[in-house]
Amino acid sequence: MNNFLRGKDIVLASNSPRRRELMSFLCEDFRVVPSNAEEIIPDNVRRNFSDNALETAVYLAEIKACDVFENNRNSVVFGCDTVVAVDDEILGKPVDDDDAKRMLKLLSGRNHRVISGVCICYGDKKISFGCETKVKFHNLTDEAISQYIATSEHRDKAGAYGIQGYGSLLCEGIEGDFFNVVGFPVSEINKRLDFLLEG
């Protein structure tokens, strides 16, 4: 358990079962309060992004964390958002199976970036950062894509795959934090919490 979190009310602003599991590495006792905030980035804000994918993930994590923190001012609130980026396109969750197939074909045989934005709110402090992992896919046949879509695993995943499940069969290799691809870079979060403890 992270020492900074001892004795504090901890809130995870996410309903993701994957994030809940990884959050338990940091602390045994925490509450889940999903954000109801609308995840929209104003055009005037997005125009100032130098790294569109990374800053998009961080901005959306901040929206979620700050929304939940409004009603949990005495808590430590964690917000997170994950995106997949290939070329100049940001891939969020697929809207349907056809969209998922399009994403997987786009990623087939190529390197892409998986970026998780994290925001931690506590008292008058807010820590926001992004974590990036590079992933390479095998060359995927139409049959392999259809078989993966049939598992339904893609439906709530950025980039239309989950590396911790059947999606592992699609991946040739990764460079960086595995848990970041899952959606919660727990090791980096733990390090950032130590900064709060020191401060």
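Residues numbered from 1 in each chain as written. Predicted model: local features only at pLDDT ≥ 70, side-chain atom pairs only at ≥ 80, totals over all residues. Heavy atoms only, no water.

Here we look at the packing of aromatic side chains
The tally for this structure, following the rule as stated, stands at 5 aromatic pairs. With a centroid separation of 5.2 Å and an interplanar angle of 90 degrees, the aromatic rings of Phe4 and Tyr122 are classed as edge-to-face. A residue pair is termed long-range when its members are at least 10 positions apart, and Phe4 in the segment before strand S1 (9-12) and Tyr122 in strand S5 (residues 111-122) qualify at 118 residues. Tyr122 gets classed as partly exposed once you look at its relative accessible area, which sits at 28%. Measuring from ring centre to ring centre gives 5.5 Å for Phe178 and Phe179, while their planes differ by 75 degrees; the resulting arrangement is edge-to-face. Phe178 sits in the partly exposed class, given a relative accessible area of 33%. Taking relative accessible area as the criterion, Phe179 reaches 32% and is therefore assigned partly exposed. Taken together, the ring pairs in this structure connect Phe25, Phe178 and Phe179 into an aromatic cluster. The positively charged end of Lys8 is found above the aromatic ring belonging to Phe4, 4.4 Å away from the centroid. (Phe/Tyr/Trp six-rings, centres within 6.5 Å; stacked < 30°, edge-to-face > 60°. Helix = DSSP H or I, 4+ residues; strand = E, 2+ residues; numbered from the N terminus. Buried < 20%, exposed > 50% of the residue type's maximum accessible area, 1.4 Å probe, protein only. Lys NZ or Arg CZ within 6 Å of the ring centre and 35° of its normal.)

Quick notes on the pattern of salt bridges
If the charged atoms of two oppositely charged side chains come close together, the side chains can form a pair. In the structure shown here, the tally under the stated rule is 16 salt bridges. Here Glu39 ties to Lys64 by a salt bridge, and the two come within 3.9 Å at their closest N and O atoms. Remark: Lys64 occurs in helix H3 (residues 52-69) and Glu39 occurs in the loop between strand S2 (31-32) and helix H2 (43-46); sequence separation between them is 25 residues. Given the relative accessible area of 11%, Lys64 is considered buried. Between Arg192 and Glu188 there is a salt bridge, with the nearest N and O atoms lying 2.8 Å from each other. (Salt bridge = Lys/Arg side-chain N within 4 Å of Asp/Glu carboxyl O.)

Quick notes on the nonpolar core
In this structure, Phe78 and Tyr161 are the most contacted members of the largest nonpolar core, which totals 43 residues. When residues in this core are grouped by element, the largest group, 5 residues, is from strand S3 (residues 75-86). Ignoring sequence-local partners within four residues, the contact set of Phe78 consists of Leu5, Ile10, Val11, Leu12, Ala13, Met23, Ala65, Cys119, Ile120, Ile189 and Leu193. Counting 9 residues, the second-largest nonpolar core is a separate cluster that includes Ala61, Val68, Phe69 and Val77. (Core = buried A, V, L, I, M, F, W, Y, C linked by side-chain atoms within 4.5 Å. Contact = heavy atoms within 4.5 Å.)

Here we look at the pairing of S3
Counting buried positions along S3 yields 12 of 12 residues, so the element is predominantly enclosed. Side-chain alternation along S3 places Ser75, Val77, Gly79, Asp81, Val83 and Ala85 on one buried face and Val76, Phe78, Cys80, Thr82, Val84 and Val86 on a second face that is also buried. Bridge count between S3 and S5: 10 bridges; the pairing is antiparallel. Bridging across to S5, Cys80 finds its partner in Val118. In this sheet, strand S4 (residues 89-91) lies alongside S3 in antiparallel orientation, the contact comprising 3 bridges. Paired with Val84 across the two strands is Leu91, which belongs to S4. Hairpin geometry of S3 and S4 is characterised by an intervening segment of 2 residues between the two adjacent antiparallel strands and by a positive phi of about 55 degrees at Asp87. (Pairing = 2+ DSSP bridges.)

A word on a nonpolar patch on the surface
A cluster of nonpolar side chains, contributed by Phe25, Ile174, Phe178 and Phe179, occupies part of the molecular surface with about 340 Å² of accessible area. As for its placement among the helices and strands, Phe179 is situated in helix H6 (residues 178-182). (Patch = residues over 30% accessible without salt bridge, like charges linked within 9 Å, V, L, I, M, F, W, Y side chains within 5 Å. Areas by Shrake-Rupley, 256 points an atom, 1.4 Å probe, with all protein chains shown as cover.)

Concerning the packing of helix H4 (residues 97-107) against helix H5 (residues 142-150)
Helix-helix packing is described using two parameters, namely the angle between the two axes and the distance between the axes. Closest axis-to-axis distance for the H4/H5 pair is 10 Å, and the angle between their directions is 135 degrees. The orientation of H4 with respect to H5, classified from their angle, is oblique. When the axes of H4 and H5 are compared, the crossing they make is right-handed. Note on element contacts: H5 touches H4 through Asp142, Ile145, Tyr148 and Ile149, opposite Asp97, Ala100, Lys101, Leu104 and Lys105. (Axes fitted to C-alpha atoms, helices over the stretch in contact; angles between N-to-C directions. Parallel < 35°, antiparallel > 145°, perpendicular 65-115°, else oblique. Left-handed = near helix turned anticlockwise from the far one by under 90°.)

As for the environment of Gln147
Here Gln147 lies in helix H5. Distance in space between the C-alpha atoms of Gln147 and Tyr166 is 9.9 Å, their sequence separation being 19 residues.

Worth remembering: the numbers are spatial, not functional.
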